[in-house]
Structures are given as C-alpha cells and as structure tokens.
Amino acid sequence: MILITGGRGAVATKLCTLLHADGLAVRVGSGRPEELQLPAGVSAVALDLKDPNTFPTALAGVTSVFLYAEAAAINEFVSAATEAGVEHIVLLSSSSVLDPDAATNPVAKSHLDAELGLADAPMTVSVLRPGAFAGNARSWAWAIKAGRPINLPYPNAYADPIHEIDVAAAAYALLTAPEHRGGQHTLTGPETLTFTEQIDLVAKITGRTIAVEQVTPDAWKQQMADYMPANYADGLLDYWRRCDGVPTEVNDTVATLTGRPPRTFTSWLEEHAAEFTS
C-alpha cells in the first residue's frame, strides 16, 4: 500500500493516476478527504500533516509514502510511520534548500526542516528537489485575461520551469523501482528561461498581447500583501534577485529517473492555454 499525502496537490493527483494505472494499491490522504475525486478503487483518508492524531489510521498497512514537505510534526510522523512498518518515504522538497540562505529564507526553510526531520529516519528516504513548477505561470492568468500588464520586480530572473507530470513521474519511479531509491534528486525542466521569455511564450501560445511592467521590489511586495505573508514575499524577492540575469543550470535527472526527457514549458502551456483565455 502506497500512501499519497497532500492529495489535492497537482503532483499528488498525477502520481495517484500513474500508480493506479499500474494496478498498485493506493491510499490518498488529505485534510479534506471528502473533496477528493479519486479513481475507482483508490481510498481516501483524513490526514493532516500538522496533526499527529491523524497519522496512525492513515499509515495503517502502508509500506511506502509520498510525503509533502510539512515539518510541523515531522518527528511524530516518522515515529508513526516506523511503528506502521513503512519501508520507504519519498519527500517532495525543493531545490531552494540548496540556496545559501536556505536556513533563513522561509520559502526554503519549510522544505529544509522537513528534510532534516527525515535525516535520521530508520526507513529509506528519497528526496525530490524540483525547481520552479511550470504551473506557477497561473499567477499571471488574471492579469492576462483582464488585459492588464504583468508586474514583475525582476523580469530577467531565470528559472527552469518543470512540468508537474515530470515531478510525479520521478516520484513514481522512486516508489516503484529500487535502483534509484534513496538519496537526493534535484529536478529541473529542460531549459532555462527568464520571466519575460516565459511570458512571450504564453503570448505565442494564446495569441494574446501581454505587456510586462517592471516594478520595484517594494511595490510588488505591497501588491502581494493580501495574498502572501511579508516574509514569504521577501524570500521570493531574495531568490529572484540572485537569479536576475543568471541562467539556471539544468540537469538530466528527470530522464535518468523516468527514462524520458522532461517536458518543455511550451508543452505545459499548450495543455493549459484555456486557463489564460477563458
């Protein structure tokens, strides 16, 4: 039995589909299991990674876990997983843990704390460290549909957008094949693109004219005040500042784990074009 946590997440959803299609026993945990839409034969269970009281039932009979990076009760989760006989945990972390300020940047620290909480776990632990998800482009959809410019503090900051399906496929490989199990796996998309280049691709795929307006970091932070805690906004700004004009290094980890090259940002846009136009 494989337990997938964070069941409503994009990676978890796609991973569930892959595992179920392969005929594997899957259980999906969520803080709101009644909202899950699961394939026939896949069970849902109440699981709040901040509430250890939900751990024993969710972990009963489980041999492997796909775990989202929530460190609030990570020690209790390891204890419950050990007692349940879990043999392998695949942690969805982030490449931000490799940044020089990972211990203080709140965006990275939440993932780093989860990794540290699993460092001495008695079961095998595999860590996935993807970079920026291609799906982050959804944050531009409202402005595009409204015909407004996209405000960016660092329009020339680079990223390596990775398709969520590739992250799920990497997790699937670690859960089902023993040869790559264990260790840390940094995942990238196949290309490094600035925000401006990404938006140009959105415009090409959707046929929309999209303006980009550079704003100061303080102005962007004020615009985001209703949607994002100030310390997280500062963390993102620090990261983008370091990536400004600096191409991201890409690797072949996705191909090594899955047997196929990572999907391009353009392919993600082609699949999700309607989200920017309707």
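Preceding this section is the structure that the text describes.
All of these numbers come straight from a predicted model, not from anything done at the bench.

## Overview of the overall build of the protein chain
Okay, step 1: Within the protein chain, the regular secondary structure consists of 11 helices and 11 strands.
Okay, step 2: Expected size for 278 residues packed as a compact globule is a radius of gyration near 19 Å; at 19 Å, the protein chain falls within 12% of this value.
Okay, step 3: The contacts in the protein chain between residues at least 6 apart in sequence include a share of 72% that link residues at least 24 apart.
Okay, step 4: By element, 51% of the accessible surface of the protein chain is carried by carbon and sulfur atoms, the whole surface being about 12900 Å².
Okay, step 5: Across the protein chain, the centroid of the 18 positively charged side chains sits 5 Å from that of the 32 negatively charged ones.

## Quick look at the packing of aromatic side chains
Okay, step 1: Applying the stated criterion across every chain yields a total of seven aromatic pairs.
Okay, step 2: Summarising the aromatic geometry, the rings of Trp220 and Trp240 are spaced 5.1 Å apart at their centres and angled 75 degrees between planes, so their arrangement reads as edge-to-face. Of the two residues, Trp220 sits in helix α8 (residues 217-223) while Trp240 sits in helix α9 (residues 230-243), which places them 20 residues apart along the sequence.
Okay, step 3: Of the residues examined, Trp240 reaches a relative accessible area of 15% and is grouped as buried.

## A short note on the sheet that holds strand β5 (residues 88-92)
Okay, step 1: Strand order in the open sheet made by the seven strands is β3-β2-β1-β4-β5-β6-β9, with parallel pairing throughout. Strands at the two margins of the open sheet, each flanked by one partner only, are β3 (43-46) and β9 (183-187). Between one strand axis and the next, the sheet turns by 20 degrees as a mean value, whatever way the strands run.
Okay, step 2: In the sheet, strand β4 (residues 64-68) pairs with β5 via five bridges, with the strands oriented parallel. By the bridge assignment for β5, Ser64 is matched with His88.

## A look at helix α7 (residues 195-206)
Okay, step 1: A rise of 1.5 Å per residue sets the reference length of α7, with its 12 residues, at 16 Å; its end C-alpha atoms lie 16 Å apart and thus fit the reference within 8%.
Okay, step 2: Of all the residues in α7, the buried ones are Phe195, Gln198, Ile199, Leu201, Val202, Ala203 and Thr206.
Okay, step 3: Of the residues trailing α7, Gly207 is marked for its positive phi of about 75 degrees.

## Some details on the pattern of salt bridges
Okay, step 1: One pass over the full model with this rule turns up 10 salt bridges.
Okay, step 2: Of the charged contacts in the structure, one is a salt bridge between Lys221 and Asp234, with a shortest N-O distance of 2.9 Å. Of the two residues, Lys221 is situated in helix α8 and Asp234 in helix α9; the sequence distance between them amounts to 13 residues.
Okay, step 3: Through salt bridges with shared partners, a single ionic network connects Asp99, Asp101 and Arg242.

## Let's talk about the environment of Ser93
Okay, step 1: By the secondary structure assignment, Ser93 is in the loop between β5 and α4 (106-118).
Okay, step 2: A relative accessible area of 4% places Ser93 in the buried class.
Okay, step 3: Among the polar contacts made by the side chain of Ser93, one reaches the side chain of Glu115 at a distance of 2.6 Å.

## Description of the side chain of His88
Okay, step 1: Structurally, His88 is set in strand β5.
Okay, step 2: Here the side chain of His88 touches Ser126 through a polar contact of 2.7 Å, side chain to side chain.
Okay, step 3: Only 3.3 Å separates the side chain of His88 from the side chain of Arg181, close enough to count as a polar contact.
Okay, step 4: Filtering out sequence-adjacent residues up to four positions away, His88 remains in contact with Thr63, Ser64, Val65, Met123, Thr124, Val125, Ser126, Leu174, Leu175 and Arg181.

## A word on helix α1 (residues 10-21)
Okay, step 1: When the terminal C-alpha atoms of α1 are compared, their 17 Å separation across 12 residues agrees well with the 16 Å that a helix rising 1.5 Å per residue should span.
Okay, step 2: Looking at α1, one finds that the buried residues are Val11, Ala12, Leu15, Cys16 and Leu19. Looking straight down α1, one finds its buried side chains confined to an arc of 135 degrees; they lie on one side.
Okay, step 3: Of the surrounding secondary structure, the elements contacted by the buried residues of α1 are β1 (2-4), β2 (26-30), β4, β5 and α6 (164-176).
Okay, step 4: Gly23, located one to two residues past α1, shows a positive phi value of around 80 degrees.

Cut-offs used in this document
- Residues numbered from 1 in each chain as written.
- Predicted model: local features only at pLDDT ≥ 70, side-chain atom pairs only at ≥ 80, totals over all residues.
- Heavy atoms only, no water.
- Helix = DSSP H or I, 4+ residues; strand = E, 2+ residues; numbered from the N terminus.
- Rg over C-alpha atoms; globule rule 2.2 N^0.38 Å.
- Contact = heavy atoms within 4.5 Å.
- Areas by Shrake-Rupley, 256 points an atom, 1.4 Å probe, with all protein chains shown as cover.
- Lys, Arg positive; Asp, Glu negative; His and termini not counted.
- Charge placed at Lys NZ, Arg CZ, Asp CG, Glu CD.
- Phe/Tyr/Trp six-rings, centres within 6.5 Å; stacked < 30°, edge-to-face > 60°.
- Buried < 20%, exposed > 50% of the residue type's maximum accessible area, 1.4 Å probe, protein only.
- Pairing = 2+ DSSP bridges.
- Axes fitted to C-alpha atoms, helices over the stretch in contact; angles between N-to-C directions.
- Expected span 1.5 Å × (residues − 1).
- Salt bridge = Lys/Arg side-chain N within 4 Å of Asp/Glu carboxyl O.
- Polar contact = N/O pair within 3.5 Å; in protein donor to acceptor, adjacent residues only side chain to side chain.
- Arc of directions from axis to C-beta.

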